[in-house]
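Here's the letter readout for the chains.
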Amino acid sequence: LRFASATGTQNSYLVYGGFSNPIPGASNATYSWNGTAWSTETNLATAAFRRGAPSGQPNNTAALAAGGQTSPSTPINSVEEWTDPSFATRTLTTS
């Protein structure tokens, strides 16, 4: 995957979204790393790349996927929340 989002540490990592092959193809794939092996996880609800991801997450059991693009000219404004073992789409509002 290219332009994927990622968070975690060297022994507990989550990678999601990005470009899949053939390009251009946004991906909703999600993978976790436990320090030894990669595992396939529940996919994102929306296939997208260049999604914002928080830095400094201590493990692969919680993360956010914010914004991004579904194609080079199509931005999105959704936020998806990862809480092991699945993603949930949340709508954020301001007051």
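Everything numeric in this text was worked out from a predicted model, so none of it was measured.

Trainee: What is the right way to look at the overall build of the protein chain in this model?
Mentor: For the protein chain, the count of helices and strands is zero helices and nine strands. Taken from the N to the C terminus, the helices and strands of the protein chain come in the order β-β-β-β-β-β-β-β-β. The buried share of the protein chain, reckoned over its 95 residues, is 31%. Of the contacts made within the protein chain by residues no fewer than 6 positions apart, 32% connect residues no fewer than 24 positions apart. Carbon and sulfur atoms make up 50% of the accessible area of the protein chain, which totals about 5,400 Å².

Trainee: Is there a simple way to think about the environment of Glu81 in this case?
Mentor: Take Glu81: it is sitting in strand β8 (residues 79-83). Spatially, the C-alpha atoms of Glu81 and Leu44 are 9.1 Å apart, while their sequence positions differ by 37 residues.

Trainee: What is the right way to read the environment of Gly67 from this model?
Mentor: Position of Gly67 relative to the elements: it lies in the loop between β5 (62-66) and β6 (69-71). With relative accessibility at 15%, the residue Gly67 sits in the buried group. Residues Gly67 and Phe49, spaced 18 residues apart in sequence, show a C-alpha to C-alpha distance of 8.8 Å. With near-sequence residues (within four places) excluded, Gly67 lies in contact with Arg51, Ile76, Asn77 and Ser78.

Trainee: It is not clear to me how the confidence of the model for the protein chain should be interpreted in this structure. Could you clarify?
Mentor: Predicted confidence across the protein chain gives a mean pLDDT of 80, with 78% of residues reaching 70 or more. Strand β4 (residues 38-40) holds the highest mean pLDDT among the elements of the protein chain, 91, whereas strand β9 (residues 86-90) holds the lowest, 64.

Trainee: Hey, could you run me through the nonpolar core in this one?
Mentor: Across soluble globular proteins, you tend to see nonpolar side chains buried next to one another. Leu14, Tyr16, Leu44, Ala63, Ala65 and Trp82 together form the largest nonpolar core, which totals six residues. Where this core is concerned, the elements lending two or more residues are β2 (12-16) and β5.

Trainee: Looking at this structure, I do not really get the pairing of strand β3 (residues 30-33). What am I missing?
Mentor: The two faces of a sheet get side chains in turn, since along a regular strand they alternate between them. Alternating positions in β3 separate cleanly, Thr30 and Ser32 being buried on one face and Tyr31 and Trp33 remaining unburied on the opposite face. As paired strands, β2 and β3 are joined by four bridges and run antiparallel to one another. Bridge pairing in β3 links Leu14 to Ser32. When β3 meets β4, the two strands line up antiparallel, connected through three bridges. Its bridge partner being in β4, Trp33 is matched across the sheet by Trp38. Turn length for the β3-β4 hairpin, with the two strands adjacent in sequence and antiparallel, is four residues, and the turn residue Gly35 shows positive phi of about 95°.

About the thresholds
- Residues numbered from 1 in each chain as written.
- Predicted model: local features only at pLDDT ≥ 70, side-chain atom pairs only at ≥ 80, totals over all residues.
- Heavy atoms only, no water.
- Helix = DSSP H or I, 4+ residues; strand = E, 2+ residues; numbered from the N terminus.
- Buried < 20%, exposed > 50% of the residue type's maximum accessible area, 1.4 Å probe, protein only.
- Contact = heavy atoms within 4.5 Å.
- Areas by Shrake-Rupley, 256 points an atom, 1.4 Å probe, with all protein chains shown as cover.
- pLDDT = per-residue confidence, 0-100.
- Core = buried A, V, L, I, M, F, W, Y, C linked by side-chain atoms within 4.5 Å.
- Pairing = 2+ DSSP bridges.

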